[in-house]
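# Structure at a glance
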Amino acid sequence: MEERKFKFQKVHFKPKQVGIDIRGGYCSHVRKGSQAYKQGVKTGWRIVNIDGERVPKEDREIASLIRSCIDADDKFAIVFRLPPKDTFAGYKCGDIVEALDSTGRQWNKCLIIDIQGEKFSIVYLHNAVRSKKFQAMLRRLRGGDGDEDDEWDEDFDDEDD
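Predicted, not measured: the structure shown is a model, and the values here were computed from it.

## Overview of the overall build of the chain
For the chain, the count of helices and strands is 3 helices and 13 strands. By the burial criterion, 47% of the 161 residues in the chain qualify as buried. A fraction of 56% describes how many contacts in the chain between residues 6 or more apart in sequence connect residues 24 or more apart. A total accessible area of about 9,400 Å² is found for the chain, and carbon and sulfur atoms account for 45% of it.

Right, dumping it as structure tokens:
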């Protein structure tokens, strides 16, 4: 099996709110008009380094590290691992979709973080649990493109950056 090569992007931020939501260490939403939005940050980008430090495992700890950079009142950088360019059946990394849960009875909003062949790696947005799914277990969001989830964002303000 061929080793995958990832690309990385370093983005510099001013000491104010960045404008991303984090789930499972990935950007799950970029707020329009925010610093991140203006810098071109996209959903599906994985946070790997914040101001020279490796990122912690927990989303709350990642958000806390970003907040401490903001509180230091100096510019700081975040290094992101860009998602693979792989696509399958019209899906791509960074897409917000719905996936069946493990019971096969409930659809939950999730972020596609990787595609290898016919298998999708996802992170559920409500609990940050990662899982692997086949295309038959995914569907497009009903009634939109995933960008109008301001109502959903309000539920998770404590982890916004």
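## What about the packing of aromatic side chains?
The final tally for this structure, using the stated rule, is 4 aromatic pairs. Lying across the ring of F6, R81 places its NZ or CZ 4.1 Å from the centre. Here R140 stacks its cationic end above the ring of Y91, 4.1 Å away from the centre of that ring.

## Digging into the sheet that holds strand β13 (residues 138-140)
Adjacent strands of a sheet pair through backbone hydrogen bonds, lying either parallel or antiparallel. Across the sheet, 5 strands lie side by side as β12-β11-β10-β9-β13; this open sheet has antiparallel pairing. Each edge of the open sheet is held by one strand with a lone partner, namely β12 (130-134) and β13. Each strand of the sheet is rotated relative to its neighbour by a mean of 50 degrees, with strand direction disregarded. Relative to β12, strand β11 (residues 119-124) runs antiparallel, the two being bridged by 5 bridges. Among the inter-strand pairings, K119 is bridged to a residue of β12, identified as F134.

## As for the environment of K57
Within the secondary structure, K57 is located in the loop between β5 (53-54) and α2 (59-71). The exposure class of K57 is exposed, given its relative accessible area of 80%. Along the primary structure K57 and G24 are separated by 33 residues, whereas in three dimensions their C-alpha atoms are 8.0 Å apart.

## Some words on the nonpolar core
F13, I20, V41, I66 and F80 are the most contacted members of the largest nonpolar core, which has 21 residues in total. For this core, the elements supplying multiple residues, two or more each, are β1 (8-13), β2 (20-23), β3 (26-30), β4 (46-50), α2 and β6 (76-81). For this core, the leading source of residues is α2, giving 5 residues. Sequence-distant contacts of V41, defined by excluding residues within four places in its chain, comprise V11, F13, I20, C27, V30, A36 and F80. Within the second largest apolar cluster, 11 residues are counted, among which are V97, I115, F120 and I122.

## Structural notes on the pattern of salt bridges
By the definition in use, this model includes 4 salt bridges. Beyond isolated ion pairs, a larger network of salt bridges with shared partners links K92, D95 and R140.

## Quick look at the confidence of the model for the chain
In this model, the chain carries a mean pLDDT of 87, and residues with pLDDT of at least 70 account for 87%. Confidence drops under pLDDT 50 across residues 145-159; counting only partners more than four residues distant or on other chains, this segment forms 24 contacts.

## Regarding a negative patch on the surface
Where like charges cluster on the molecular surface, the negative patch consists of D51, E53, D71, D73 and D74. Among the secondary structure elements, D73 is positioned in the loop between α2 and β6.

## Some words on the side chain of E98
Tracing the backbone shows E98 in strand β9 (residues 96-100). Accessibility expressed as a relative area gives 14% for E98, which makes it buried.

Thresholds, definitions, all that
- Residues numbered from 1 in each chain as written.
- Predicted model: local features only at pLDDT ≥ 70, side-chain atom pairs only at ≥ 80, totals over all residues.
- Heavy atoms only, no water.
- Helix = DSSP H or I, 4+ residues; strand = E, 2+ residues; numbered from the N terminus.
- Buried < 20%, exposed > 50% of the residue type's maximum accessible area, 1.4 Å probe, protein only.
- Contact = heavy atoms within 4.5 Å.
- Areas by Shrake-Rupley, 256 points an atom, 1.4 Å probe, with all protein chains shown as cover.
- Phe/Tyr/Trp six-rings, centres within 6.5 Å; stacked < 30°, edge-to-face > 60°.
- Lys NZ or Arg CZ within 6 Å of the ring centre and 35° of its normal.
- Pairing = 2+ DSSP bridges.
- Axes fitted to C-alpha atoms, helices over the stretch in contact; angles between N-to-C directions.
- Core = buried A, V, L, I, M, F, W, Y, C linked by side-chain atoms within 4.5 Å.
- Salt bridge = Lys/Arg side-chain N within 4 Å of Asp/Glu carboxyl O.
- pLDDT = per-residue confidence, 0-100.
- Patch = residues over 30% accessible without salt bridge, like charges linked within 9 Å, V, L, I, M, F, W, Y side chains within 5 Å.
- Lys, Arg positive; Asp, Glu negative; His and termini not counted.
- Charge placed at Lys NZ, Arg CZ, Asp CG, Glu CD.

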